[in-house]
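# Chain and residue survey
Chain residues, written in single-letter form:
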Amino acid sequence: MLLADLTLVSPENGTDCGVVPDAAIAIADGRIVWAGPAADLPAAHNDLPRQSLGGRLVTPGLIDCHTHLVYGGDRAREFDMRLNGAGYEEIARAGGGILSTVRATRAATEAELLASTLTRADHLIAEGVTTVEIKSGYGLDIETELKMLRVARQIAQERPLRVVTTWLAAHALPPEFAADRTGYIDRVVIAGMEAAQAEGLIDAVDGFCEGIAFSAAEMDRIFAHAATLGLPVKLHAEQLSDLDGAALAARHGALSVDHLEWLSDSGIAALTASGTVAVMLPGAFYTLRETKLPPIAALRAAGVPMALATDSNPGTSPLTSALVTMNMGATLFRMTPTECLAGFTVNAARALGLADRGRIAAGQIADLAVWNITHPAELSYRIGFNPLHSRIFGGTPCPL
């Protein structure tokens, strides 16, 4: 087999991803115990069962670190309206926008949400994804937000897929709280956060810091409460404007800040100091036909780790392809192919606070993707082509 050695990727040694030819990976009890040139395989591992991968390239299993995978309905009609010239207000008056998804998600049963989400999850699995983050945020009431998270947890019981869940009640303001922002934060965002944690449903807390959503001051309060519960935070920020959300998130030691098209130099400095991951979401950039590019070169120069994710959601990124996302990262954002792969592996794991996956190294969970290619660049180079041969999940092969 060929081994993509992502340990070579760092600001100090450049972005060229090393490929180890004639490699071997030793796995025991669902974890990697050794990886490197086959000629150097320690004798202690010679008694392990052997399987040839026929010279194929092996990478860590892909990690989609930012999705909104659980939701009801779809937004295809407003997509059509937008392409025919309708603006945001006209679409909203016609019943579209995020609140249409909120209505559909509130109306759906857990079984209905599970069935539709499994279809989307299957697309990610078919392209080598082994871990996915799933956010709430389309309920905007405690009952529905918890319902979404229960469905997200259930995905991991139905499929060979690891699921990380995030509380995103601070996504939008529902109509019933239009005149009471503080009440919504108190009675839904914070009270629901406590209920979700008590039920064991959340791994992190997120929010949308924008003029059309929540202010930096409001997010500061929400993050402060998350800290009292011992929950890590992340933030949608600087997508449509610069509200210094990145700096706010960095002050709270955020795992990641996501979108970042309008990220300033001071925001980059804050991320550098905190070690927070910058998550690039080219699907939303593409779907919204944005023109303001995130400052990739400046992030690279500052040594800020960059992750990539689908941002799969019904409105602004109806995308369920990790491979197309890699191509978008390369062609739209000018990330290198190695940065794109690192963005879906080692840096995506870091964006979720997970040290046990994203690399091929001793001690890591044995989640791997086996590809019918000979160089990692092919994963970003092709469009609409899936070279996945198989997945290895917890050390167990999962043929397609």
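Residues numbered from 1 in each chain as written. Predicted model: local features only at pLDDT ≥ 70, side-chain atom pairs only at ≥ 80, totals over all residues. Heavy atoms only, no water.

### As for the layout of surface pockets
Of the pockets and cavities examined, the second largest pocket occupies roughly 600 Å³. For the second largest pocket, the lining is made up of 19 residues, of which Ile25, Ala26, Pro49, Arg50 and Gln51 are closest to its centre. Element by element, the count of residues in the lining of the second largest pocket is highest for strand 3 (residues 23-28), at 5 residues. Tallied by class, residues from the lining of the second largest pocket come to 14 nonpolar, 4 polar and 1 charged. (1 Å grid on protein atoms, 1.4 Å probe; cavity = no way out; pocket = protein on both sides within 12 Å on 5 of 7 lines; lining within 4 Å. Points joined across faces, edges and corners; volume = space filled by probe spheres on them. Helix = DSSP H or I, 4+ residues; strand = E, 2+ residues; numbered from the N terminus. Nonpolar A, V, L, I, M, F, W, Y, C, P; charged D, E, K, R; others polar.)

### Quick notes on the UniProt feature "binding site: Fe(3+)" (unreviewed entry) in the chain
The positions UniProt marks with the feature "binding site: Fe(3+)" (unreviewed entry) are His66, His68, His236 and Asp311. Over a stretch of 246 residues, the named residues converge on one spot in the fold, their C-alpha atoms separated by at most 12.3 Å. Inspection of the secondary structure puts His66 in the loop between strand 6 (62-64) and helix 1 (76-83). Filtering out sequence-adjacent residues up to four positions away, His66 remains in contact with Glu133, Lys135, His236, Asp258, Val279, Leu281, Ala309, Thr310, Asp311 and Ser312. Of the polar contacts made by the side chain of His66, one reaches the side chain of His68; its length is 3.2 Å. Considering the arrangement of structural elements, one finds Asp311 in the loop between strand 13 (306-308) and helix 12 (322-331). Of the residues examined, Asp311 reaches a relative accessible area of 2% and is grouped as buried. (UniProt positions renumbered as here; feature names shortened; annotations may be inferred. Contact = heavy atoms within 4.5 Å. Polar contact = N/O pair within 3.5 Å; in protein donor to acceptor, adjacent residues only side chain to side chain. Buried < 20%, exposed > 50% of the residue type's maximum accessible area, 1.4 Å probe, protein only.)

### With respect to the nonpolar core
The tendency in soluble globular proteins is for nonpolar side chains to be buried as a group. Trp167, Met219, Ile222, Leu271, Met280 and Leu299 are the most contacted members of the largest nonpolar core, which totals 88 residues. Of the residues that make up this core, three or more belong to each of domain 1 (2-60 + 358-398) and domain 2 (62-352). The contact partners of Ile222, leaving out residues within four places of it in the chain, are Ala170, Ile185, Val189, Met193 and Val205. (Core = buried A, V, L, I, M, F, W, Y, C linked by side-chain atoms within 4.5 Å. Domains from an automatic or database assignment.)

### Concerning helix 4 (residues 110-125)
Over its 16 residues, helix 4 runs 21 Å from end to end, which matches the ideal 22 Å to within 8%, given 1.5 Å per residue. Packing partners of the buried residues in helix 4 comprise strand 6, helix 3 (98-107), strand 7 (129-135), helix 5 (142-158), helix 12 and strand 15 (388-393). (Expected span 1.5 Å × (residues − 1).)

### A few points about the environment of Tyr184
Looking at where Tyr184 falls in the secondary structure, it is placed in helix 6 (residues 181-198). Residues Tyr184 and Asp141 lie 43 residues apart in sequence; the distance between their C-alpha atoms is 8.9 Å. Sequence-distant contacts of Tyr184, defined by excluding residues within four places in its chain, comprise Leu140, Ala169, Ala172, Leu173, Pro174, Phe177, Val189 and Phe214.

### Brief notes about the confidence of the model for the chain
In this model, the chain carries a mean pLDDT of 94, and residues with pLDDT of at least 70 account for 96%. Counted against residues more than four places away or in other chains, residues 10-15, with its pLDDT under 50, gives 7 contacts. (pLDDT = per-residue confidence, 0-100.)

### Quick word on empty space enclosed by the protein
On inspection of all chains with the given rule, the structure shows 1 cavity of 30 Å³ or more. A volume near 50 Å³ is recorded for the largest cavity. Around the largest cavity, the lining residues are Pro60, Gly61, Ile63, Thr130, Thr131, Arg357, Gly358, Arg359, Ile365 and Asp367. Its residues assigned to classes, the lining of the largest cavity shows 3 nonpolar, 4 polar and 3 charged.

### Here we look at the domain arrangement of the chain
Its domain assignment divides the chain into domain 1 (2-60 + 358-398) and domain 2 (62-352). Between domain 1 and domain 2, the residue contacts involve 31 residues of the former and 28 residues of the latter. Carbon and sulfur atoms supply 66% of the area buried between domain 1 and domain 2, which totals about 2200 Å² over both sides. Our enumeration of links across domain 1 and domain 2 arrives at 1 salt bridge. (Buried area = accessible area lost by both parts, 1.4 Å probe. Salt bridge = Lys/Arg side-chain N within 4 Å of Asp/Glu carboxyl O.)

### As for the sheet that holds strand 10 (residues 234-237)
If you walk across this open sheet you meet the 8 strands as 6-7-8-9-10-11-12-13, and the pairing is parallel. In the strand order of this sheet, the two ends are held by strand 6 and strand 13, each with one partner. The sheet shows a mean angle of 25° between the axes of neighbouring strands, direction not considered. In this structure, strand 10 lies alongside strand 11 (residues 256-259), joined through 4 bridges in parallel fashion. Bridge pairing links Leu235 to Val257 in strand 11. (Pairing = 2+ DSSP bridges. Axes fitted to C-alpha atoms, helices over the stretch in contact; angles between N-to-C directions.)

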